[in-house]
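# Fold and geometry: a report
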There are 4 protein chains.
Amino acid sequence: MPDSIDALRARVNQFVEERDWAQFHSPKNLAMAMIVEAAEVVEHFQWMTEADSRQLAADTREQVGQELADTFVYLMRIAEVCGIDLIAATNAKIALNAQKYPVEKCKGSNDKYTKYQ
Amino acid sequence: MPDSIDALRARVNQFVEERDWAQFHSPKNLAMAMIVEAAEVVEHFQWMTEADSRQLAADTREQVGQELADTFVYLMRIAEVCGIDLIAATNAKIALNAQKYPVEKCKGSNDKYTKYQ
Amino acid sequence: MPDSIDALRARVNQFVEERDWAQFHSPKNLAMAMIVEAAEVVEHFQWMTEADSRQLAADTREQVGQELADTFVYLMRIAEVCGIDLIAATNAKIALNAQKYPVEKCKGSNDKYTKYQ
Amino acid sequence: MPDSIDALRARVNQFVEERDWAQFHSPKNLAMAMIVEAAEVVEHFQWMTEADSRQLAADTREQVGQELADTFVYLMRIAEVCGIDLIAATNAKIALNAQKYPVEKCKGSNDKYTKYQ
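Reading the values: the criteria
- Residues numbered from 1 in each chain as written.
- Chains lettered and ligands numbered in written order.
- Predicted model: local features only at pLDDT ≥ 70, side-chain atom pairs only at ≥ 80, totals over all residues.
- Heavy atoms only, no water.
- Helix = DSSP H or I, 4+ residues; strand = E, 2+ residues; numbered from the N terminus.
- Rg over C-alpha atoms; globule rule 2.2 N^0.38 Å.
- Buried < 20%, exposed > 50% of the residue type's maximum accessible area, 1.4 Å probe, protein only.
- Contact = heavy atoms within 4.5 Å.
- Buried area = accessible area lost by both parts, 1.4 Å probe.
- Salt bridge = Lys/Arg side-chain N within 4 Å of Asp/Glu carboxyl O.
- Polar contact = N/O pair within 3.5 Å; in protein donor to acceptor, adjacent residues only side chain to side chain.
- Nonpolar A, V, L, I, M, F, W, Y, C, P; charged D, E, K, R; others polar.
- Expected span 1.5 Å × (residues − 1).

- As named in an unreviewed UniProt entry, chain A is NTP pyrophosphatase, house-cleaning of non-canonical NTPs, taken from Methylophilus rhizosphaerae.

Shown next as structure tokens:
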């Protein structure tokens, strides 16, 4: 089974081609599909305390994993269809976030970065 | 720069540790953060036609890439904190989706799978 | 100022007409706009404890009110454009929810209704 | 049946009290529940063209109405629990939006308001 994003992306693309679904996969539609799946992740946690969300039962973890996977599939599809290199974009954004949130200013704080500027 | 999910995940984890943010990263909070970022992806497309969403200007593509990256970072964090192997979960879910959406029944159709059962 | 949903809806419709925005207000686009605003509500609470979310500072309450208002405006617009009577639909759904969640079975419990069936 | 927001809000509050659910209704949890319902509205439209979303079949309109109602119920609950007057907040926000989007500058345009400033 694929063990890298590139291999996963290729598998997803093949899945879509076999079903002739690229016609429905505009970035607009895929963004809607992605947030619908993200909401299914949220649904698992909506009435749970934070503490309980840190110690999931095995069947809940399994279900959360399935919803995360669906979210990830659409996320990869958006990157694919928009011509975005997801790995490069993520590395670049982490570097940007490191500038927005310098360790010495925000250690242990959950303030939004606008408070540091 | 990291070129695999494992390397990215390690980089994200280090980012969180340096800032002592793990205390805020309950799955409940992370699911909220992920859907907020997913909505920032949606925001780019909300008034765009599907056709326009397929041919983004360079600066919009750059911004969409940044929002996708933020969504992906929280997605990886949820997997990390819940003890979910994201690659394995995604491979398993694609296999499940292939059963739910058999090629011969759903080729070229955007019906929901419940119509095939 | 309007003090009923009907008066508010009329005010919102006039706002849209004056700007000739009905052309952009397909239910598909409005659903995207509504969830983007709902996410701005979520953003206020993502790193807050439940306890802190119950005692908001005045400025945060003001901001949450603004995001709720934007969400509500798009919600009313979707009802308007789809020809849905929001008040009637909400009364009908509350009656349905009362059947799904009978008091004697779910008092004090946050289980999903599927557990009662 | 209630025909105003006040009457609806009272009905929803009674529903919650009868089930002793106020303990779960922190603004944080309610914001999660609201966005989950908003996503169920989005789900109806994700693979639909804009044109098709403007002419819903009767059963789809019925279902969209149910999801809108659930979204609205949680929206009213957030306002209730946070001590926000939803009608007043919405009137105030519409007035603010009228300043952000002056008719003479944005008529017929879907540009974001930041373009006018």
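Structure shown, so let's carry the discussion forward.
### Examining the overall build of chain A
- Scanning chain A from N- to C-terminus turns up six helices and zero strands.
- Reading the secondary structure of chain A in the N-to-C direction produces α-α-α-α-α-α.
- For 117 residues, the compact-globule estimate of 2.2 N^0.38 gives 13 Å, and chain A exceeds it by more than 25% at 18 Å.
- By its C-alpha atoms, chain A is 50 × 35 × 30 Å across when sized along the principal axes.
- Per-residue burial for chain A yields a buried fraction of 54% across its 117 residues.

### Thoughts on the interface of chain A and chain C
- Residue-level contacts link eleven residues of chain A with eleven residues of chain C.
- Summed over both partners, the interface of chain A with chain C buries about 850 Å², with 54% contributed by carbon and sulfur atoms.
- Across the chain A-chain C interface, the total number found is zero salt bridges.
- Taken together, the connections running from chain A to chain C amount to four residue pairs in polar contact (both at pLDDT 80 or more).
- Looking at which element gives the most residues to the side of chain A that touches chain C, the answer is helix H2 (residues 27–45) of chain A, with five residues.
- Broken down by class, the residue content of the side of chain A that touches chain C amounts to four nonpolar, three polar and four charged.

### Observations regarding helix H2 (residues 27–45) of chain D
- The end-to-end C-alpha distance of H2(D) is 28 Å, a good match for the 27 Å that 19 residues give at a rise of 1.5 Å each.
- H2(D) sits mainly inside the fold: 16 of its 19 residues count as buried.

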